[in-house]
Amino acid sequence: MIVTVAAFKGGVGKSTTALHLATYLQTKADTLLVDGDLNRSSLDWSNRGSLPFKVADEEEAVRLAKLYEHIVIDTPARPKTDELKKLARGCDFLIIPTTPDAIALAATLKMVSELQGVRTNYRILLTLVPPYPNKSGEEARETLEGAGLPLFKAAIRRLTVFQTAALEGVPVNAVKDAYAGIAWRGYVEVGKEMLSSGRM
C-alpha cells in the first residue's frame, strides 16, 4: 500500500501526519517512510531519536521499496500541478492535511480543484484543530462537507506534545506526557479509516 501526504501550504502538519501514519502502519506490516520534503523533516526527526520504521530519502527509497509492505511518502510543500497529478495517480491513498484557518482551507480547495479528472482515492484531514470553545475546526468541517469533499471523521488536535515528540525524535505515542495518548488516538483513528475505506 502506498500512502502519499501532500499539501499546498506549509505548516499544516504534513510531515507529522506522514510520520504518525507510518508509525500506525508499522503495527500492521513493515513500513517505509520516504522523505521527499525539501526540509527533510522526517529524516531530522529520525536522526534525533528512534522511530519504529525505516526513513529514507527518494534515492535510497528506490532501492528499498520492494522490501516493504507499506510505503508512506512525505512530499515537498506546494507540488506543481503535473507533479501532484503524478503523485495522486501513483498511490493507493492520498491524504491532504489542512489546518482550519481560511488561508489553509483556500489552498486545500485549490489543490482539490487541480486534482479534477485524476482518478485518485483521497481524503482531507483537519489538523492542528484548536480546543473548545474555539469553533474553527467545526466551521472548517462544515465548509468542506458543504463543498462535497471527502473528509476524515477523525481530526488531529493542536497539542504541544507533538513538538515534544519531534524534539525527542520519537512518535507521540512514545512520549511520557498526559496528552500523548489523546494525540496518538487521533492518528490511530485516521489509520483505521484509511484501511477500512473499502478500496485498500
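None of these values were measured; they are calculated from a predicted model. (Residues numbered from 1 in each chain as written. Predicted model: local features only at pLDDT ≥ 70, side-chain atom pairs only at ≥ 80, totals over all residues. Heavy atoms only, no water.)

Could you clarify how one ought to interpret the sheet that holds strand β4 (residues 70-74) in this entry?
Strand pairing in a sheet is mediated by backbone hydrogen bonds. Such pairs are either parallel or antiparallel. Strand order in this open sheet of 6 strands is β3-β2-β4-β1-β5-β6, and the pairing throughout is parallel. Each edge of the open sheet is held by one strand with a lone partner, namely β3 (54-56) and β6 (122-126). Sheet twist, expressed as the average angle between the axes of neighbouring strands with direction ignored, equals 20°. In the sheet, strand β2 (residues 31-35) pairs with β4 via 5 bridges, with the strands oriented parallel. The partner of Thr-31 across the bridge, within β4, is His-70. (Pairing = 2+ DSSP bridges. Helix = DSSP H or I, 4+ residues; strand = E, 2+ residues; numbered from the N terminus. Axes fitted to C-alpha atoms, helices over the stretch in contact; angles between N-to-C directions.)

What should I look at first to understand the pattern of salt bridges in this one?
When their charged atoms lie close together, side chains carrying opposite charge are able to pair. Considering all chains together, one arrives at 8 salt bridges under this definition. With a closest N to O distance of 3.0 Å, Glu-114 and Lys-110 form a salt bridge. Placement of both Glu-114 and Lys-110 in helix α5 (residues 102-114) is noted, with a separation of 4 residues, approximately one turn of the helix. Judged by relative accessible area, which is 38%, Lys-110 ranks as partly exposed. Bridged by salt links that share partners, the residues Lys-14, Asp-37 and Asp-74 form one connected network. (Salt bridge = Lys/Arg side-chain N within 4 Å of Asp/Glu carboxyl O. Buried < 20%, exposed > 50% of the residue type's maximum accessible area, 1.4 Å probe, protein only.)

Hey, could you run me through the nonpolar core in this one?
Nonpolar side chains tend to gather and get buried jointly when the protein is soluble and globular. Membership of the largest hydrophobic core comes to 37 residues, with the highest contact counts inside it found for Leu-33, Val-72, Ile-95 and Met-194. Breaking this core down by element, the ones donating at least two residues are β1 (2-5), α1 (14-26), α2 (41-48), β5 (93-98), α7 (161-168) and α8 (180-195). In terms of residues, this core owes the most to one element, α8, which gives 7 residues. If we skip the residues at most four places from it in the chain, Ile-95 touches Val-3, Thr-4, Val-5, Ala-6, Thr-17, Leu-21, Arg-123, Leu-125, Phe-152 and Met-194. Leu-84, Ala-88, Cys-91 and Leu-94 belong to the second largest nonpolar core, which has 21 residues in total. (Core = buried A, V, L, I, M, F, W, Y, C linked by side-chain atoms within 4.5 Å. Contact = heavy atoms within 4.5 Å.)

Would you mind going over the packing of aromatic side chains with me for this structure?
Pairs of aromatic rings are described using the distance from one ring centre to the other and the angle between the two planes. Taken as a whole and judged by the stated rule, the model has 2 aromatic pairs. Aromatic pair Phe-93 and Phe-152: ring centres 5.9 Å apart, planes at 40°, arrangement tilted. Linking Phe-93 in strand β5 with Phe-152 in the loop between α6 (136-146) and α7, this pair joins segments that are 59 residues apart in sequence. Among the residues examined, Phe-93 registers a relative accessible area of 0% and is labelled buried. Taken together, a centroid distance of 6.0 Å and an interplanar angle of 85° make the contact between Phe-162 and Tyr-187 edge-to-face. Remark: Tyr-187 occurs in helix α8 and Phe-162 occurs in helix α7; sequence separation between them is 25 residues. Across the pair, exposure class does not vary: Phe-162 and Tyr-187 are buried alike. (Phe/Tyr/Trp six-rings, centres within 6.5 Å; stacked < 30°, edge-to-face > 60°.)

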